[in-house]
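# Structure at a glance
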Amino acid sequence: MRDVMVIGAGLSGLVAAIRLRQAGLSVALVHKGRGGLQLGQGTVDVLGYRPQRVARPLDELDEFLADQHRASDIPHPYAHTGADAIREGVRYLAELVGEDYLVGDAEVNVALPTAVGALRPTAYYPPSMADGVISLDPAKPGALTAGSAVVVVGIREFKDFTPELIAGNLALNDLPGGGRLEARADWVSFPARDGEVDSTGLNIARALDDPARRGALVDQLKALVRPGETIALPAVLGHEDPAAFADLRAQVGSPMFEIPVPPPGVPGMRLNDRLTRIAKEARVEVFLGSNVLGADSAGGVLQAGVVGTTGHDTHLKARAFLLAAGGFESGTLELDSYQKVSETILGLPLAIPAGELIHDTWAGQQPLFSVGVATNDDMVVVDPATNKPVYSNLYAAGGVLAGAQRWDEKSGEGIAVASAVRAADAIISNLAGGQR
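None of these values were measured; they are calculated from a predicted model. (Residues numbered from 1 in each chain as written. Predicted model: local features only at pLDDT ≥ 70, side-chain atom pairs only at ≥ 80, totals over all residues. Heavy atoms only, no water.)

We now examine the packing of aromatic side chains. Applying the stated criterion across every chain, the model contains 2 aromatic pairs. Here F328 and F369 contribute two aromatic rings whose centre-to-centre distance is 6.3 Å and whose plane-to-plane angle is 80°, an arrangement assigned as edge-to-face. Residue F328 is located in the loop between β15 (312-323) and β16 (333-335), and its partner F369 is located in the loop between β17 (341-343) and β18 (374-375); the two are separated by 41 residues in the primary sequence. Since its relative accessible area comes to 32%, F369 is described here as partly exposed. A centroid spacing of 5.0 Å and a plane angle of 75° characterise the contact between F369 and W407, whose relative ring orientation is edge-to-face. With F369 in the loop between β17 and β18 and W407 in helix α9 (residues 406-409), the pair connects residues that are 38 residues apart, well separated along the chain. Ring-pair connections join several aromatic residues into one group, and the members of that group are F328, F369 and W407. The positively charged end of R19 is found above the aromatic ring belonging to Y92, 4.7 Å away from the centroid. (Phe/Tyr/Trp six-rings, centres within 6.5 Å; stacked < 30°, edge-to-face > 60°. Helix = DSSP H or I, 4+ residues; strand = E, 2+ residues; numbered from the N terminus. Buried < 20%, exposed > 50% of the residue type's maximum accessible area, 1.4 Å probe, protein only. Lys NZ or Arg CZ within 6 Å of the ring centre and 35° of its normal.)

Spelled out as structure tokens, the structure:
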């Protein structure tokens, strides 16, 4: 029997599994596919909008939660975790992966240019995006300020990045501190493989992991950049080599930053691979490509997860279980043609807002996305009708939690890491027989 079975290998599942293992518990991490990190931008959003842009997410958390409480009877995940768990979750993640992967401050957001030339708030970001930071804090100037000159450079063989669109929109944006950027567009050619006319971002990134291939890109960038300009490129500057970007920047000799592109995104893959390596080095027992089909239970306690394995089902016994398998994007939550939402792994009751789940206001929030699993403050799954635990040893974290509009709020990674550390710490305490 393991101490803990973690279901799902996205950000919350990986962070919780590593934290549990570092506490000395035996951990089985079961997942059917690669986690959702590669769908992200490699950044950590804590709270970006409420709905106006947020500069100091933790200072504004109480007002945000008060607004949420007035608007919905489903508590937001941050109402359970609180600010301390957000701080601890983000700190823990940043220390785990190191400054080669994440830099920033949970207390203060910055704005980063996007692939359509907008400015998106976030708290932590890869160091390869640091030269593109625009400050939201008047006391801390960012790398780009009013009048800064940016050349947005596309790679002709990479189709998901249009420098004219990005540069045009960047030049039209009023910066938070006033003024605008000067931006222009340019192009280079860098096929991932000889003669290739259509290269994926991942293949270009892998090509740039090879120091011998970087010179061809460096020569073109040095030829086009003007004095005083900062170069913006798609986020494909190296995959497995964390020093690839720094080497490219040093060889070009100009400030340079990456702009995330539509998923799958290389910065998210870098973070996913880094956390997966840490989990394996910590001897988390990983069951890759395995569906959890259900569970055995008795007396209000989960006893085993039923895992689909070749030839037969495996009943994986554990003392505690953490559901961190994501929401609609992973298939953990499912909407049928009768507008009924279900949780597909354990058949858990869900917190569902009253009224229509989907409406035709395309730019507004959709109530459907706040559907999810309800928990108490220890992240133990509860029945929303009674507020009592469904199973005394079942916890939940991440995208399956009810009450958030993650895409609108820009809060997905903050919720993932805060709920992961809160759940992991509760499991550690409870398995040790302690009281929280």
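There is more to say after this.
Okay, the nonpolar core next. Counting residues in each nonpolar core, the largest one holds 88 residues, and the members touching the most others are M5, L93, L275, L322 and L394. Among all residues touching L322, those that are not within four sequence positions of it are M5, V6, I7, A16, Y395, A396, A397, A423 and I427. With 42 residues, the next largest nonpolar core counts L136, F158, L175 and V261 among its residues. (Core = buried A, V, L, I, M, F, W, Y, C linked by side-chain atoms within 4.5 Å. Contact = heavy atoms within 4.5 Å.)

Compared with the 28 Å implied by 1.5 Å per residue over 20 residues, the 28 Å span of helix α10 (residues 412-431) between its first and last C-alpha is a close match. With 15 of 20 residues buried, α10 lies mostly within the body of the structure. (Expected span 1.5 Å × (residues − 1).)

Take the environment of L221 next. Within the secondary structure, L221 is located in helix α6 (residues 211-224). The buried category is assigned to L221, whose relative accessible area is 0%. Linking L221 and W187, residues 34 residues apart in sequence, is a C-alpha distance of 9.0 Å. Not counting chain neighbours up to four residues away, the residues in contact with L221 comprise V153, V188, I231, L233, V252 and M256.

The values are spatial; any link to function lies outside them.
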